[in-house]
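# Breakdown of the fold
Next come the chains, spelled out residue by residue.
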Amino acid sequence: MDYITTLSNTLTILTLSLSLSLLYRLFKTYDFDSDGKISLYDLKMTLEIQNGRDYNVSNQNGDDYVLLCTWISQRDTTGTGFVNYDDFVKYYAQLQASE
């Protein structure tokens, strides 16, 4: 293997490692109660803090409920109603691959 190929492979590994580190920190931000999964409650609490507004999820037909449930369902690959770390990484890997 030549120097350029070795350098390229090393940079790819470093970029992937950095991306996973950032994704893990982002996941932990959304996992409000630190139970290892992002629930509707976790997402609601995190977004309320980030956006400075209340999200009403008590009405299952309301816009906020639908918005947050959609966010979860787009990432929940196992159908649990929660987003675990693997789900989270898979979702963002798919986004990155489609760019």
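See above for the structure.
### Observations regarding the pattern of salt bridges
Considering all chains together, one arrives at 2 salt bridges under this definition. One salt bridge in this structure joins D64 and R53, with 3.0 Å as the shortest N-O distance. In this pair, D64 sits in helix 3 (residues 63-75) while R53 sits in the loop between helix 2 (40-51) and helix 3, placing the two residues 11 residues apart along the sequence. Take R53: its relative accessible area is 38%, and that puts it in the partly exposed class.

### A word on the nonpolar core
In terms of nonpolar packing, the biggest core is built from 15 residues, with Y30, I38, L43, W71 and F88 touching the most fellow members. Residue assignment for this core shows that the elements contributing at least two residues are helix 1 (3-30), helix 2, helix 3 and helix 4 (85-98). In terms of residues, this core owes the most to one element, helix 3, which gives 4 residues.

Calculation rules
- Residues numbered from 1 in each chain as written.
- Predicted model: local features only at pLDDT ≥ 70, side-chain atom pairs only at ≥ 80, totals over all residues.
- Heavy atoms only, no water.
- Salt bridge = Lys/Arg side-chain N within 4 Å of Asp/Glu carboxyl O.
- Helix = DSSP H or I, 4+ residues; strand = E, 2+ residues; numbered from the N terminus.
- Buried < 20%, exposed > 50% of the residue type's maximum accessible area, 1.4 Å probe, protein only.
- Core = buried A, V, L, I, M, F, W, Y, C linked by side-chain atoms within 4.5 Å.

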